[in-house]
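Listed here are the chains, written in short residue letters.
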Amino acid sequence: MKSGFVSFLGRPNAGKSTLLNRIVGHKLAIVSDKPQTTRTRIVGVKNYDEGQVVFLDTPGVHKPMHRMNVRMVDVALEAMREVDVLALVVDVSVYAQAPGRPRRGAESPGGPVKRGPGDQFMLDVIKDVKTPVILVLNKVDLIAKNSLLPIIDQYQKAHPFAEIVPLSATDGTNVDVLETLFLQYLPEGEPLYPPDYVTDQPERFFAAEIIREQVLQLTHDELPFSTAVVIDRFEEAGAHPLTLYATILVDRDSQKPIVIGRAGTMIKNIGTAARLELERYFGSKVFLDLHVKVKSEWRDDERLLDELGLRHDRCPGRAGRRAGATRQPACPRRVHQCRHREQVG
């Protein structure tokens, strides 16, 4: 029986969250085409006939400009040091010729590939890692096939990866191959979580993330980095609809009208889309009340960052197992249980 921790590491927008959702079979992490969508560590547990894998999705590694970004990068790098297998996820579409897209980073189809400073930094980060590192070349569905071999060749020369797996988290190509390799490199051990355990994040977290996902999808490009969602009230009362009161935070006065929209159309669209997603997620009717608030420099407010869940919590990795813990964080979400109480645990 195999059991252990696997962490996804990579630059922003590499597809780590899409890969987590694909493997676990649940939407645990919101996704968008905007970088830095994932802001904290997200745990996803999957059971196999051969064992149990605890996956850690982490924020993309980038140059931090605010305290929020410092915490995000710290979370990613700490997870790297506390797992049994590390998966470096790379977006190959930025290197290779994709059908109908201009080529970036390569001289010609099948020719030399030039890595950018961000990708080189990721290789420097894993240079001295003793944990097995599997290179995941994601988004192969977006590139021409003859562009893949030179990318593989360059990465093989750059680092002694345990395995290299080209795949597409979007359409599932080769994801099963990757899962088999994870189990192969994990240590022997008993499952760390119950069979119906999926994640350790509370309902309030998922509610805020679902709302933020709609903000990312429906507003202008300048807003995603400077918006957050705070759940002010979370009320569940028997047969009544789940009632949520939430505040969308923006950084500047000029951003508030963008979120509200002309005659309130944008905030209405965000609310409608978020409510439908919340109802699908929670399996019940939802009453959602949204407000927009300007809070300048919120990304450097330590107390607010704690409230948003961007804490410096220790990664539930090998250290906890060495201490003899069968770790069960405070608020598990169960596979066969669409709803759970925040008091669980």
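The model shown is predicted, which means the values in this text are computed figures rather than measured ones. (Residues numbered from 1 in each chain as written. Predicted model: local features only at pLDDT ≥ 70, side-chain atom pairs only at ≥ 80, totals over all residues. Heavy atoms only, no water.)

### As for the overall build of the chain
In step 1: Per the secondary structure count, the chain includes 10 helices and 11 strands.
In step 2: Counted over contacts in the chain with a minimum sequence separation of 6, partners at least 24 positions apart contribute 72%.
In step 3: Element-wise, carbon and sulfur atoms account for 50% of the exposed surface of the chain, whose accessible area totals about 15800 Å². (Helix = DSSP H or I, 4+ residues; strand = E, 2+ residues; numbered from the N terminus. Contact = heavy atoms within 4.5 Å. Areas by Shrake-Rupley, 256 points an atom, 1.4 Å probe, with all protein chains shown as cover.)

### Some points on the packing of aromatic side chains
In step 1: In the structure shown here, the tally under the stated rule is 11 aromatic pairs.
In step 2: Seen from their ring centres, Tyr95 and Tyr155 are 6.4 Å apart, and the 65° between their planes marks the pair as edge-to-face. Placement of Tyr95 in the loop between β4 (85-91) and α3 (117-125) and of Tyr155 in helix α4 (residues 148-158) is noted, with a sequence separation of 60 residues between them. Each member of the pair, Tyr95 as well as Tyr155, is classed as buried.
In step 3: Among the aromatic residues, ring-to-ring pairing joins Phe205, Phe206, Phe234, Tyr281 and Phe282 into one connected group. (Phe/Tyr/Trp six-rings, centres within 6.5 Å; stacked < 30°, edge-to-face > 60°. Buried < 20%, exposed > 50% of the residue type's maximum accessible area, 1.4 Å probe, protein only.)

### Details of the pattern of salt bridges
Close approach of charged atoms lets side chains of opposite charge pair.
In step 1: Inspection of every chain in the model, using the stated rule, returns 10 salt bridges.
In step 2: Its salt-bridge partner being Arg41, residue Asp200 comes within 3.4 Å of it at the nearest N-O pair. In this pair, Asp200 sits in the loop between β7 (197-199) and α6 (203-218) while Arg41 sits in the loop between α1 (16-24) and β2 (42-48), placing the two residues 159 residues apart along the sequence. Taken as a pair, Asp200 and Arg41 share a single burial class, namely buried.
In step 3: A salt bridge links Arg280 to Glu277; the nearest nitrogen and oxygen atoms lie 2.5 Å apart. With Arg280 and Glu277 both in helix α8 (residues 265-282) and 3 residues apart, this pair spans about one turn of that helix. (Salt bridge = Lys/Arg side-chain N within 4 Å of Asp/Glu carboxyl O.)

### Observations regarding the sheet that holds strand β10 (residues 286-294)
Across a sheet, paired strands are connected by hydrogen bonds in the backbone, their directions being either parallel or antiparallel.
In step 1: The strand order β8-β9-β10 describes an open sheet built from 3 strands, whose pairing is mixed. With partners counted over all chains shown, the strands left at the sheet margins are β8 (228-235) and β10, one partner each. Geometrically, the sheet is characterised by an average inter-axis angle of 20° between neighbouring strands, direction not taken into account.
In step 2: Taken together, the 7 bridges between β8 and strand β9 (residues 242-250) define a ladder with antiparallel strand orientation. (Pairing = 2+ DSSP bridges. Axes fitted to C-alpha atoms, helices over the stretch in contact; angles between N-to-C directions.)

### Looking at the sheet that holds strand β1 (residues 2-10)
In step 1: Strand order in the open sheet formed by 6 strands is β2-β3-β1-β4-β5-β6, with mixed pairing between adjacent strands. For this open sheet the edge positions go to β2 and β6 (163-166), each flanked by a neighbour on one side alone. Taking each pair of neighbouring strands and ignoring which way they run, the sheet shows an average axis angle of 25°.
In step 2: Across the sheet, α1 touches β1, β2, β3 (51-57), β4 and β5 (133-138), and the angle it forms with β2 is around 35°.

### Points about the nonpolar core
A general trend in soluble globular proteins is that nonpolar side chains are found buried together.
In step 1: Counting residues in hydrophobic clusters, the biggest one holds 55 residues, and the most contacted among them are Phe8, Leu19, Phe55, Phe182, Ile211 and Leu278.
In step 2: Not counting residues up to four positions away in its chain, the partners in contact with Phe182 are Val6, Phe8, Ile23, Phe55, Val85, Ala87 and Ile134.
In step 3: Ranked by size, the runner-up nonpolar core spans 23 residues in total, among them Leu86, Met122, Leu123 and Val133. (Core = buried A, V, L, I, M, F, W, Y, C linked by side-chain atoms within 4.5 Å.)

### Side note on the environment of Ser3
In step 1: Tracing the backbone through its elements, the reader meets Ser3 in strand β1.
In step 2: Sequence-wise, Ser3 and Val53 are 50 residues apart; in three dimensions their C-alpha atoms are separated by 5.8 Å.
In step 3: A polar contact is formed between the side chain of Ser3 and the backbone oxygen of Glu190, at a distance of 2.9 Å. (Polar contact = N/O pair within 3.5 Å; in protein donor to acceptor, adjacent residues only side chain to side chain.)

### Quick word on the environment of Gln120
In step 1: With respect to the helices, strands and loops of the structure, Gln120 is situated in helix α3.
In step 2: Taking the relative accessible area as the measure of exposure, Gln120 reaches 31% and is therefore partly exposed.
In step 3: Expressed as a C-alpha distance, the spacing of Gln120 and Ala158, which sit 38 residues apart in the sequence, is 9.1 Å.

### Remarks on the packing of α6 against α8
In a pair of packed helices, the angle between the axes and the distance between the axes together describe the arrangement.
In step 1: Where α6 contacts α8, the axes come no closer than 9 Å and their chain directions differ by 140°. Put simply, α6 runs oblique to α8. Crossing hand, α6 versus α8: right-handed. Between α6, through Glu203, Phe206, Ala207, Ile210, Ile211, Gln214, Val215 and Leu218, and α8, the contact on the second element is made entirely by Met266, Asn269, Ile270, Ala273, Ala274, Glu277, Leu278, Tyr281 and Phe282.
In step 2: Looking at side-chain class alone, the contact of α6 with α8 contains 13 nonpolar, 2 polar and 2 charged residues. (Parallel < 35°, antiparallel > 145°, perpendicular 65-115°, else oblique. Left-handed = near helix turned anticlockwise from the far one by under 90°. Nonpolar A, V, L, I, M, F, W, Y, C, P; charged D, E, K, R; others polar.)

### Observations concerning α4
In step 1: Residues of α4 that are buried: Leu148, Pro150, Ile151, Ile152 and Tyr155.
In step 2: Where α4 is buried, its residues contact β4, α3, β5 and β6.

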